[in-house]
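Here are the chains, one letter per residue:
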Amino acid sequence: MKNPRKILVFTENRSNLLFAMLVILAVLVIASKPLAHLLTEIWWFDSVGFASVFWTKLGWQVLIGLVTFITYGCLLLGNYRIAIHNTRQQSFRALGDGLRPTEGHRDLEILSERGIHAAAIGLTVIWAIMAAISTMAHWETILKFFNAPLIGETDPILHQDLSFYLFRLPLYEGFYAWLIFPVGIALVVTVVIYRLKGVLESDQRGRLQIQQPAKQHLSLLLCLLLMLVGWRFWLARYQLLYGGGGTVFGIGYADHFAKLLGYQVTSLLAVALGILCLLLIRRRNFGLELKGLGIVIVAVILLQGVYPWFVQQFLVAPNELTKEKEYLAHNIKFTQAAYRLNGIQQEKYQATAKLTRQSLQNNQPTIHNIRLWDYRPLLSTYRQLQEIRSYYKFSDVDIDRYTLNGDYQQVMLSAREMSHEQLPIEAQNWVNKRLKYTHGYGFVMSPVNQITADGLPEFYVKDIPPASTVDLPMQQTAIYYGEESHNYVFTGMTTDEFDYPVGATNASVRYQGKGGVAIGSFGRRLVYAYDLNSLQALISNYFAPTSRIHYHRQIRDRVSRIAPFLKFDHDPYLVVADGRLQWIIDAYTTSDHYPYSQPVSASKDADNILQKDSTRSLSDNNLNYIRNSVKIVVDAYDGSMRFFAVDPNDPVLATYRKIFPTLFEPVTAVPETIQQHFRYPQDLFKIQMQMYLNYHMSDPEVFYNREDQWQFPQQIYEDKAVLLEPYYVIMRLPGESKLEFLMIQPFTPANKENMISWVAARSNSDDYGKLLLYEFPKQSLVYGPRQIEARIDQEPEISQQFTLWNQSGSKVIRGDLLVIPIDQSLLYVEPIYLRAEQSELPELKRVIVAYDKSVVMEKTLDEALARIFGDKTVETTANPESTVKGTPQKVSNPQKAQLAKVALATYRKAQAAMRQGDWAEYGRQQQELEKTLQKLEQL
């Protein structure tokens, strides 16, 4: 009879060989997809000119992954092997109990232990791989640690340079988390093995008894674990500087004199206990170690919990302002610095009612650039009038300024992009989506203040191909890269691309740009077909040696792949420069480790204006430091990207420039045609103004009492009360002689509706980035937007007109209420749109202007201003005259009085008809009233 042990060994060897082959095959299959994707990413980075960025990032990711895999594997497997070696004479109780000591049972026990070893190795490898993959994401933290510059400013409590908190502390915290987990797991696994093998047991008195080799092993692990815990308590001291929850964000009085001491003492106790474990390594029990652990736990409870609570309740709370005043000053100073609020220039603004027709004449550029078109109804209008075909889409309306026909003015524009989702279902095939409909075409542009007789925007640029009425060069207007370009496409094929519709036919084109990745060879097509899960990409006959694939075409996704460490503004905007369409994206460097600075997400004292679009992502990640340090320009035709470092004083950007020396270009390299379109970004301004609601108060006592807390004003949009968002204007600041492109945000006091101040952000190149605060006199009333809205609602003529429109199958849309500062006075302007209930084509029908005690509504802004300030012809003539056949003729007062009586009588008839519900008669009387008023206006 054959030896059963040899049979078992032979069977085991064959099984192991087959298992190994299956594992290798599975690994190859699983790894092939990521490897194919990695190869396509290498080609893409090389095609856009940022291969060095890719290899820097990948190299460090691989290094971190390997170090993690080796460290975790060695810690767990090493301790497992040591535990098995220390207990080699004992068997696992679950396997050995109940088995008689026969040779067959011994063979079964050996095989079972081998299975346990194999399972341990397999689980360790899987766990180490998962840990390695997860830690690869921390490459940025490590690189910033090694490339951190000194800032030259220290915190007032622990006296560390600010670069320690921004760049070094995150790595220390990460290293602790990286090491504590495998050490803890290794300790648990080791204890379980010793317990199962019977070398760790309790004696009759309940004391743990352990054999000497196992005791030494566990003592070393406990020592390492306690050292890590002590280090964690030591790092917690620094975390107090960006912790919150009390009156002060950052270290307060109780933190400084109680909690800080608690962390120091417990850190030393944990380290001392670790050393004690080494000194008692030869003892056969853990009696003293457990007593020491009890002392540490009690110390943590008393020194980190009870003692700080006692100090807070009995020393700080009764004298809070006195105790916390110094720390409040730190909080204010560092928060203002983190959001760059400390450089806001403060001015007085009288807000007097002294505007005249001459004042308006002197500020005509400001008047002519008052934005009557709100981006929301204008987007609907653009879509209805200029999308031309169902497959085109306007996704957003951008606001910018241009010098057109010699006039510096504010305009609104939108890109006409291709949207494959809007193609007919029957046309959504592979050829159309990948080869034919590859790009959008052109854009529309309209001034902010001009309307047609039908209440529609007056277009400067419209139609396909773009037709222009202004001197704006346009050589290349195809859009291959944009906000709606989510799909990959192929160019350079043997078939033409659709360019734009021409009557009953279509214009065709072949791509001539440098964008995309060459895909002419069969090998590349094979890799891309596998990566994209597209058999057509492999077997299609349309491919040629000149073929290129364009992917990562959505511009925010595109730039984030190059610089994932930056955060991006939610609103990329289109610019027409040098005859080409370019996208400008504002990018931010951020941190959540700036000491004493309150995070955006912790600002809960006022209505949050940030809850819109991706600004929410900026406020939700606990950031407490932000700079708009980078401007990115993306060409809409070839997708080329340029990253400009526009804030050389930002230490975070300086670190990234060391890490990626070829990524960022200096601000001096920005073309003039691009730089003149840089604007102060809206997301940054919102965050700064959100923090400024409280942090404009620099005096700690005023801040503590919230004596001068502000809030964002409210307005009526459509039928809802919403927060007034910041808006762009072209105007002259008080004391300045040049027009500027500004962003404005008004403020009202907390729980009040009168306006108290406004802040302007400058965008002109010489003063770009400067913020100015204009405060109104606190002893006088300045109407806020919500109060102006109430006055509008109380005006009988206006409210009656709104009621009539809303009851006649239409819907009134009240646009943004704009506060326009002019010559130490304020002008309020609100456009009124009318939209049929079954239509998506809003029309601008009226303009409301409020000034001082006057609130009027007219068809145009000029008419509304003339009604308040008088017609310019009448005002500039000493004796008002009209000319008939070239002969001056004075207008008699009786003639004016008669027309006024007729107008009043007609108005009363209209009111009577409205009360009776006779809307037809009401309409006729309104028409008669309009004719009479026109005659009166002519006089």
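Definitions and limits used
Residues numbered from 1 in each chain as written. Predicted model: local features only at pLDDT ≥ 70, side-chain atom pairs only at ≥ 80, totals over all residues. Heavy atoms only, no water. Helix = DSSP H or I, 4+ residues; strand = E, 2+ residues; numbered from the N terminus. Buried < 20%, exposed > 50% of the residue type's maximum accessible area, 1.4 Å probe, protein only. Contact = heavy atoms within 4.5 Å. Areas by Shrake-Rupley, 256 points an atom, 1.4 Å probe, with all protein chains shown as cover. Pairing = 2+ DSSP bridges. Salt bridge = Lys/Arg side-chain N within 4 Å of Asp/Glu carboxyl O. Axes fitted to C-alpha atoms, helices over the stretch in contact; angles between N-to-C directions. Parallel < 35°, antiparallel > 145°, perpendicular 65-115°, else oblique. Left-handed = near helix turned anticlockwise from the far one by under 90°. Nonpolar A, V, L, I, M, F, W, Y, C, P; charged D, E, K, R; others polar. Core = buried A, V, L, I, M, F, W, Y, C linked by side-chain atoms within 4.5 Å. Expected span 1.5 Å × (residues − 1). Bend = angle between axes of the 7 residues up to and from the residue. pLDDT = per-residue confidence, 0-100.

As for the overall build of the protein chain
In step 1: What the protein chain contains, in helices and strands, is 28 helices and 37 strands.
In step 2: Within the span of the protein chain, comprising 939 residues, buried residues form 50% of the whole.
In step 3: For the protein chain, the proportion of contacts with a sequence separation of at least 24, taken over those separated by at least 6, is 69%.
In step 4: Counting every atom, the protein chain has about 43,400 Å² of accessible surface; 55% of that belongs to carbon and sulfur.

Regarding the pairing of strand β6 (residues 407-415)
In step 1: Buried residues dominate β6, accounting for seven of its nine residues.
In step 2: The sheet contact formed by strand β5 (residues 398-404) and β6 spans seven bridges and is antiparallel. Its bridge partner being in β6, Arg401 is matched across the sheet by Gln410.
In step 3: What sits between the antiparallel neighbours β5 and β6 is a turn of two residues, in which Asn405 has the positive phi angle 55°.
In step 4: Direction of pairing for β6 relative to strand β9 (residues 443-447): antiparallel, over a ladder of five bridges. The residue bridging Ala415 from the neighbouring strand is Phe443, located in β9.

Description of the pattern of salt bridges
Between side chains of opposite charge, pairing is possible as soon as their charged atoms come close.
In step 1: The final tally for this structure, using the stated rule, is 28 salt bridges.
In step 2: When the shortest N-O distance is used, the salt bridge between Glu41 and Arg561 registers 3.9 Å. On the criterion of sequence distance, the pair formed by Glu41 in helix α1 (residues 4-48) and Arg561 in helix α17 (residues 555-562) is long-range, its members being 520 residues apart.
In step 3: A salt bridge links Glu484 to Lys393, with the shortest nitrogen-to-oxygen separation between them at 3.7 Å. Here the residue Glu484 occupies a position in the loop between β12 (478-479) and β13 (489-491), and Lys393 occupies one in strand β4 (residues 392-393), the gap between them amounting to 91 residues.
In step 4: One network of salt bridges, with partners in common, ties together Glu736, Glu740, Arg762, Asp767 and Lys770.

Let's talk about the packing of helix α6 (residues 162-196) against helix α7 (residues 212-239)
In step 1: As a packed pair, α6 and α7 sit with axes 9 Å apart at the nearest point and diverge in direction by 155°. Viewed along their axes, α6 and α7 adopt a mutual orientation that is roughly antiparallel. Classified by chirality, the crossing of α7 by α6 is left-handed.
In step 2: By residue class, the composition of the contact of α6 with α7 is 24 nonpolar, three polar and two charged.

Focus on the nonpolar core
In step 1: Within the largest apolar cluster, 223 residues are counted, with the highest numbers of intra-cluster contacts made by Met445, Phe490, Phe643, Phe664 and Leu827.
In step 2: Setting aside its immediate chain neighbours within four residues, Leu827 contacts Leu355, Ile367, Ile370, Leu818, Val819, Ile820, Ile822, Val849, Ala850, Tyr851, Leu865 and Phe869.
In step 3: In terms of nonpolar packing, the next biggest core, distinct from the first, is built from 28 residues, Leu76, Ile84, Trp178 and Ala186 among them.

Concerning the sheet that holds strand β16 (residues 517-518)
In step 1: Overall, antiparallel pairing links the three strands, which are arranged β13-β17-β16 in an open sheet. One side of each edge strand has no neighbouring strand; the edge strands of this open sheet are β13 and β16.
In step 2: Note that β13 and strand β17 (residues 548-550) share three bridges and pair antiparallel. Pairing of Phe490 across the sheet is with Ile549, part of β17.

Quick word on the side chain of Arg835
In step 1: Among the secondary structure elements, Arg835 is positioned in strand β33 (residues 825-836).
In step 2: The buried category is assigned to Arg835, whose relative accessible area is 17%.
In step 3: Apart from residues lying up to four places away in sequence, Arg835 is in contact with Glu718, Ser810, Lys811, Ile813, Glu840, Leu841 and Pro842.

Things to note about α6
In step 1: Along its 35 residues, α6 runs 51 Å from first to last C-alpha, staying within 8% of the 51 Å computed at 1.5 Å per residue.
In step 2: Of all bends in α6, the biggest is about 45°, found at Arg168, and the proline Pro170 comes one to four residues later.
In step 3: Once α6 ends, the next one or two residues include Gly198, with phi positive near 80°.

Considerations on the side chain of Ser380
In step 1: Turning to its location among the elements, Ser380 is positioned in helix α13 (residues 375-386).
In step 2: Among residues more than four places away in sequence, those in contact with Ser380 are Glu840 and Pro842.

A look at the confidence of the model for the protein chain
Parts of the model with low pLDDT should not have their predicted coordinates read in detail.
In step 1: Per-residue pLDDT for the protein chain averages 86, and the proportion of residues at 70 or more is 87%.
In step 2: Confidence, expressed as mean pLDDT per element, reaches its minimum in the protein chain at strand β36 (residues 881-884) with 32 and its maximum at strand β22 (residues 641-645) with 97.
In step 3: Across residues 612-616 the pLDDT falls below 50, and counting only partners more than four positions away or on other chains, this stretch makes 15 contacts in the model.
In step 4: This model gives residues 873-892 a pLDDT under 50, and the stretch forms 16 contacts once residues within four places in sequence are excluded.

Focus: the environment of Trp127
In step 1: Inspection of the secondary structure assignment puts Trp127 in helix α4 (residues 103-135).
In step 2: Spatially, the C-alpha atoms of Trp127 and Leu76 are 9.8 Å apart, while their sequence positions differ by 51 residues.

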